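One letter stands for each residue in the lines below.
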Amino acid sequence: MTTYNLWRGLSTGRRLTFQVLYRNYAQQIGTTGTTPVKRMSNTKLMVISMGVGGLIGAGYSGYLSLTSGGNNGLTTQTKPTVIDKFPDNVKITRKIYNPNDNTDLDLVLFQYQTCPFCCKVRAFLDSQGFSYSVVEVDAVLRQGIKWSKYKKVPMLLAKRKDGKYVQLTDSSMIISALSSFLLNTDQDIGQLVNFYPNVSFVDENNKEKTDVLNKYFLMFQEDRPPKSTTRESMEDERKWRTWVDNHLVHLISPNVYRTSSEARETFEWFSQAGEWDEHFPKWERNLMVHVGAFAMWAISKRLKKRHGLTDDVRIHLYEACDKWTNEIEKKKTKFFGGNEPNLADLNVFGVLNSMEGCEAFKDCLRNTKIGPWFNAMKEYVQNRRGTVLSQVDMQYLPN
Ligand SMILES: N[C@@H](CCC(=O)N[C@@H](CS)C(=O)NCC(=O)O)C(=O)O
């Protein structure tokens, strides 16, 4: 199997260090194959790592090893996009305002309320008490992200210290970049995100793919490691975050759009949860419900095949819930992270939360042991979330 050992080691000097070790990139980008791996020389690795380190100025360093075999190589790496000003004609739908958030970050989340990746990001933002704005995007016409080259949600705009906005374009990257920021809030988020470049590569089927490098890794300085974590707990957290993206999330669509009537019910719930009546004209809301339900019911059949699921899709979901709760039971703690949830807890919760109003989730509550953990997570996240402000309330905010 071709392996991409991207972050090969830790620099051990007194200097500030990337405390990251990238082991499973091959798994993440779905690379298989038997082509021999070409390695870069150490000198080249140092040059690249210094280049990356230089971007942040504060002196992070690391060893970047890019390996490729045949066509299965990384082709291009680009830094996250920066835009000079907030895009015109984008309507902020609501704000989550937390007066105790003193990070001074200006964050705008472009999302679909019930997209599992967006729910993951919101669970994280809320649990950390961030203030942020939300732009609810129409899932069919996608007007709210017309200005952007990246056409998926979630997408987050974060204001840099120079007033420009940097675009964060993957749920796991958003979570890792902001978690890294929280470890040292003096950093400029604009510089920090350069540690998460976009990569385009050609996979073993000669298809061009894109991903974000280091998306499961936190960047921190040697003298400021995350509190109460060990190397093992960080590895464990990354392992389960990867499981969420590579497995759990793929069970959602086949389950919530299992039949055409279930798909319709799901979309009615999306409309309710996303307040589509309020944010979109009636025709647009109806278009989203009817076209969306039909399209997703059809697409979910393909997704089921693609992800190797049998016709009884619920079984896979139940197995995943049981696998997760068994893991926590083994730890004998309230959450996977211990007394407090960690990023793996928040990611599993976010994804399951995306289907809370669907029959599929009610079935999970009836047929698995997920309920108590899920409810504890819900309480945890809700208790830390700021106040939800509508467009009317927003005008009373301090500037
Ligand atoms: N890897 C991305 C996946 C994001 C994604 O696939 N989002 C879906 C919504 S659930 C999307 O925007 N698809 C394109 C579309 O709706 O047009 C992440 O983790 O953020």
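Above this note sits the structure.
The model shown is predicted, which means the values in this text are computed figures rather than measured ones.

Right, let's get into unusual backbone geometry. At the junction of Val-153 and Pro-154, the peptide bond is cis and its omega measures out at 5 degrees in the coordinates. Within the secondary structure layout, Pro-154 lies in the loop between β5 (132-136) and β6 (155-159). Positive phi, normally seen in glycine, also occurs at Asp-104, with a value near 65 degrees. On the secondary structure map, Asp-104 appears in the loop between β3 (94-97) and β4 (107-111). In this structure Asp-104 comes out as exposed when scored by C-beta crowding, with 10 C-beta atoms within 10 Å. Notably, Asn-206 is not glycine yet its phi reads approximately 65 degrees, a positive angle. By the C-beta count within 10 Å, which is 9 here, Asn-206 ends up exposed.

With that out of the way, let us pick up the site of the ligand. Close contacts around the ligand come from Cys-115, Phe-117, Ala-139, Lys-151, Lys-152, Val-153, Pro-154, Asp-170, Ser-171 and Ser-172, and that covers them all. Residue composition of the shell around the ligand, by class: 5 nonpolar, 2 polar and 3 charged.

Tracing the sequence through the fold places Ala-298 in helix α10 (residues 282-306). Placed 40 residues apart in sequence, Ala-298 and Arg-258 show a C-alpha to C-alpha distance of 9.4 Å.

Turning to helix α14 (residues 370-384), a few remarks are in order. The first and last C-alpha atoms of α14 sit 22 Å apart over 15 residues, in line with the 21 Å expected at 1.5 Å per residue. Within α14, the full set of buried residues consists of Ile-370, Trp-373, Phe-374, Met-377, Tyr-380 and Val-381. Around the axis of α14, the buried residues are gathered within 125 degrees of arc, so they sit on the same side. Along α14, exposed side chains directed more than 90 degrees from the buried face belong to Pro-372, Asn-375, Glu-379, Gln-382 and Asn-383.

To continue, consider the packing of helix α3 (residues 116-127) against helix α4 (residues 171-183). One way to put it is that α3 packs onto α4 with a least axis distance of 9 Å and a crossing angle of 15 degrees. Classified by the interaxial angle, the pair formed by α3 and α4 is roughly parallel. For the element pair α3 and α4, the recorded crossing hand is right-handed. For the pair α3 and α4, the contacting residues are Phe-117, Lys-120, Val-121 and Phe-124 in the first and Ser-171, Ile-174 and Ile-175 in the second. Tallied by class, the residues present in the contact of α3 with α4 amount to 5 nonpolar, 1 polar and 1 charged.

The next thing to look at is the sheet that holds β3. Strands sit in the order β2-β7-β6-β4-β5-β3-β10 across an open sheet of 7 strands; the sheet is mixed. Looking along the sheet, the strands with just one partner apiece sit at the ends: β2 (82-83) and β10 (387-389). Sheet analysis places β3 next to β10, joined by 3 bridges and oriented antiparallel. Within β10, the position partnered with Tyr-97 by the bridge is Thr-387.

Turning to the pairing of strand β7 (residues 165-168), a few remarks are in order. With 2 bridges joining them, β2 and β7 adopt antiparallel strand pairing. Along β7, the bridge assignment pairs Val-82 with Val-166. The antiparallel hairpin formed by β6 and β7 contains 5 residues in its connecting segment, where Gly-163 sits at a positive phi of about 90 degrees.

Here the focus is the nonpolar core. Among the nonpolar cores identified, the biggest contains 88 residues, and Leu-156, Leu-168 and Ala-177 are the most heavily contacted of them. Not counting the four nearest positions on each side in its chain, Leu-168 is found in contact with Pro-80, Met-155, Leu-156, Ala-158, Met-173, Ile-174, Ala-177 and Val-193.

Here is what the cut-offs are and how they apply
Residues numbered from 1 in each chain as written. Predicted model: local features only at pLDDT ≥ 70, side-chain atom pairs only at ≥ 80, totals over all residues. Helix = DSSP H or I, 4+ residues; strand = E, 2+ residues; numbered from the N terminus. Buried ≥ 20, exposed ≤ 12 C-beta atoms within 10 Å, placed from the backbone. Near = placed C-beta within 6 Å. Nonpolar A, V, L, I, M, F, W, Y, C, P; charged D, E, K, R; others polar. Expected span 1.5 Å × (residues − 1). Arc of directions from axis to C-beta. Axes fitted to C-alpha atoms, helices over the stretch in contact; angles between N-to-C directions. Parallel < 35°, antiparallel > 145°, perpendicular 65-115°, else oblique. Left-handed = near helix turned anticlockwise from the far one by under 90°. Contact = placed C-beta atoms within 7 Å. Pairing = 2+ DSSP bridges. Core = buried A, V, L, I, M, F, W, Y, C linked by C-beta atoms within 7 Å.

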